[in-house]
Structures are given as C-alpha cells and as structure tokens.
Amino acid sequence: MTEHEEESNHSSSALYPLKRHWTWWYLNDERTKSWEDRLKKVYTFSTVPEFWALYDAIRPPSGLNPMCDYNVFRDDIQPMWEVPENANGGRWLIAVDKSKQDMVDAIWLEILMALVGEQFGKDMESICGLVCNVRGKGSKISVWTKDCNDDETNLRIGVVLKEKLMAASKDLTKPLFDVIRYEDHDSCQKKTSSLVKAKLSLHSAENPEKPVGSL
Ligand code: MGP
C-alpha cells in the first residue's frame with residue numbers, strides 16, 4: 001500500500017468511529033480441549049468499515065459446526081462467567097427452535113447491528129456483549145448484561161431487543177422469536193435441566209399465555 005492509500009484508508013475509517021471497541025471471539029468445537037482453550041480472540045474493531053469488513057469476511061452462524069460459539073463483547077470484557085463484569089450478570093436469551101435454524105443469522109445480525117450502533121442508549125453501559133451458541137438441538141442467541149438484579153435496566157434492554165426483532169420480522173409470516181427470557185448466569189451454571197427459571201420474559205404475540213411476573 002502506498003503512503004497515500006494508507007492515509008486515505010485510515011482517514012475513511014476514522015470518519016466512522018464506533019463509540020466503543022468490540023472484540024469478536026470464536027469458540028471452536030474441539031471437544032477434547034477445555035472450554036477456555038477452545039475460546040479464541042478473532043479481531044477487535046472500532047469503526048463501521050472495520051465491523052462490516054469483519055462481518056463479510058467470516059461465516060455467519062449458520063456456517064459454523066454445532067457446538068461452536070460466536071461472542072462479540074466490549075473490548076475490556078472477556079466473554080466468560082468468571083470475570084467481574086459477568087460474575088453477577090445474566091442474559092436475555094432467544095432460544096431458536098431447531099426447526100427454525102434458518103432464522104439464526106437474521107436474529108444475530110439484527111442484534112449485532114443494534115449493539116455496535118448503540119441502540120440501547122444509556123443502558124449500553126450495562127451490556128457486556130452478545131453470544132451465539134450454534135447447537136444441533138436448537139441454537140441460542142443472548143445479550144449478556146452486568147447486573148441480573150437490576151430488573152428496571154434489564155427490562156428496558158429487553159424491550160429494545162423485542163422492538164428490533166419485531167421490526168425485523170415485519171415482512172415474515174411469523175416473528176423471528178416467540179419469547180425472550182432473562183436468566184441469571186448463576187442459575188445457568190448450576191442448572192440440572194435445560195430450562196432455567198426466567199426472571200423476566202417478553203412475548204412476540206399480542207395475547208400470549210403469560211407466566212406470572214412476565215410482560
Ligand atoms: P453453554 O455453551 O452455555 O450451553 O455451556 P450449551 O452447550 O448449549 O449446553 P446446555 O447446558 O445449555 O444445554 C456449555 C458448557 O460450556 C458449560 O457447562 C461449561 O462447561 C462451558 N462454559 C460455558 N460458558 C459460557 C462458560 C464460561 O463462561 N466459563 C467457563 N469456564 N465455562 C463455560
């Protein structure tokens with residue numbers, strides 16, 4: 001690259017900075033290794049062109065093998081339960097039924113754009129990152145937040161997520177999700193069955209059957 005090209009490349013990226021740096025991580029499917037050893041940093045991006053270049057260069061979740069994960073987390077937060085920012089946290093979970101696996105890429109991109117585009121206002125400070133677990137039994141997409149007991153903030157974040165997913169569903173015959181549930185990481189780590197009791201839940205339908213405490 002010539003000096004001029006390098007300069008113009010640099011200045012076009014600098015024109016579209018993101019408010020914060022984000023790191024994309026990949027968890028591979030090498031099941032003989034520990035979970036920590038399977039987790040690899042892919043790239044840290046901080047501008048709009050960098051984000052799209054990365055997004056275009058790597059496979060969407062539907063192109064990954066089952067048991068792989070993608071994580072996009074704020075640059076200073078590692079995508080694991082153990083770090084202080086996640087230790088008391090939880091997640092808004094979108095569980096995608098295995099018959100609807102083709103929706104995973106659309107949900108992933110919609111939420112990813114909302115995150116790097118700062119669509120959660122002041123509640124961005126409470127968001128740690130976004131995870132996609134690619135699973136044969138049904139994939140999961142989740143937004144991790146810092147404080148599982150801050151119902152007010154978590155609910156506002158959930159409402160924005162619901163709005164984004166409803167807007168992205170408007171030309172589809174069915175919404176991209178039925179329900180999103182908030183669960184704390186502690187319960188996820190201790191769970192004995194695949195279901196964890198949700199602290200909050202939001203439904204896509206107008207008149208769903210609602211469990212107590214849900215909206
Ligand atoms: P998972 O990937 O969240 O769920 O955790 P999966 O694979 O869909 O399985 P299910 O239990 O929800 O049905 C799977 C396993 O990965 C956990 O039991 C841990 O062994 C490991 N693991 C997942 N996370 C997010 C962490 C983490 O943050 N830290 C550590 N140390 N291990 C983790």
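Going by the structure above, here's the rest.
Just so you know, these numbers come straight off a predicted model, no measurement behind them.

K.L.:
How should the overall build of the chain be read in this particular structure?
P.N.:
A tally of regular secondary structure across the chain gives seven helices and eight strands. Across the 215 residues that make up the chain, the buried fraction comes to 44%. For the chain, the exposed surface amounts to about 11800 Å²; the carbon and sulfur share of it is 51%.

K.L.:
For this particular structure, what's the right way to read the sheet that holds strand 3 (residues 69-74)?
P.N.:
Strand pairing in a sheet takes place through backbone hydrogen bonds and is either antiparallel or parallel in direction. One open sheet holds the eight strands; their spatial order is 2-1-3-5-6-4-7-8, and the pairing between them is antiparallel. In this open sheet, the two edge strands, each paired with only one partner strand, are strand 2 (39-47) and strand 8 (200-203). Averaged over all pairs of adjacent strands, the angle between their axes in this sheet comes to 20 degrees, without regard to strand direction. The sheet contact formed by strand 4 (residues 90-95) and strand 6 (residues 140-145) spans six bridges and is antiparallel. Bridged to L93 within strand 6 is S142. Strand contacts of helix 3 (residues 48-57): strand 1 (17-27) and strand 2, with the helix running at about 145 degrees to strand 2, the strand carrying the most contacts. Set on the sheet, helix 6 (residues 151-168) makes contact with strand 4, strand 5 (127-133), strand 6, strand 7 (179-184) and strand 8; between it and strand 8 the angle comes to about 20 degrees.

K.L.:
How should the pattern of salt bridges be read in this particular structure?
P.N.:
Between side chains of opposite charge, a pair can form as their charged atoms come close. Within this structure, the stated rule accounts for 11 salt bridges. Close ionic contact of E118 with R20 constitutes a salt bridge, the shortest N to O distance being 2.8 Å. Note that E118 is positioned in the loop between helix 5 (104-116) and strand 5 and R20 in strand 1, a separation of 98 residues in sequence. Accessibility classification places E118 together with R20 in one group, the buried group. Taking the shortest distance from any N to any O, the salt bridge between E125 and R74 comes out at 3.6 Å.

K.L.:
Before we go on, may I ask you to explain the packing of helix 3 against helix 5 in this structure?
P.N.:
Two numbers describe a pair of packed helices, the interaxial angle and the distance between the axes. Between helix 3 and helix 5, the shortest axis-to-axis distance is 12 Å and the interhelical angle comes to 160 degrees. Comparing the axis directions of helix 3 and helix 5 gives the class roughly antiparallel. Judged by the twist between their axes, the crossing of helix 3 over helix 5 is right-handed. Contact residues: helix 3 offers F51, W52 and Y55, while helix 5 offers W108, L109, L112, M113 and V116.

K.L.:
I keep staring at the site of the ligand and nothing clicks. Help me out?
P.N.:
Around the ligand sit W35, E36, M67, M80, W81, E82, N133, R135, K137, K140 and K191, and those are all the residues in its vicinity. Here an oxygen atom of the ligand and a side-chain polar atom of R135 are 2.8 Å apart. Side-chain polar atom of K140 to an oxygen atom of the ligand: 2.5 Å apart, as the coordinates give it. Considering the ligand on its own, with 640 Å² of exposed area, one finds that the protein chains cover 69% of that surface. Judged by its atoms lying within 2 Å of the grid points, the ligand is housed in the largest pocket. Looking at the shell around the ligand, its residues break down into four nonpolar, one polar and six charged.

Rules used throughout
Residues numbered from 1 in each chain as written. Predicted model: local features only at pLDDT ≥ 70, side-chain atom pairs only at ≥ 80, totals over all residues. Heavy atoms only, no water. Helix = DSSP H or I, 4+ residues; strand = E, 2+ residues; numbered from the N terminus. Buried < 20%, exposed > 50% of the residue type's maximum accessible area, 1.4 Å probe, protein only. Areas by Shrake-Rupley, 256 points an atom, 1.4 Å probe, with all protein chains shown as cover. Pairing = 2+ DSSP bridges. Axes fitted to C-alpha atoms, helices over the stretch in contact; angles between N-to-C directions. Contact = heavy atoms within 4.5 Å. Salt bridge = Lys/Arg side-chain N within 4 Å of Asp/Glu carboxyl O. Parallel < 35°, antiparallel > 145°, perpendicular 65-115°, else oblique. Left-handed = near helix turned anticlockwise from the far one by under 90°. Near = heavy atom within 4 Å. Polar contact = N/O pair within 3.5 Å; in protein donor to acceptor, adjacent residues only side chain to side chain. 1 Å grid on protein atoms, 1.4 Å probe; cavity = no way out; pocket = protein on both sides within 12 Å on 5 of 7 lines; lining within 4 Å. Sits in = over half its atoms within 2 Å of the grid points. Nonpolar A, V, L, I, M, F, W, Y, C, P; charged D, E, K, R; others polar.

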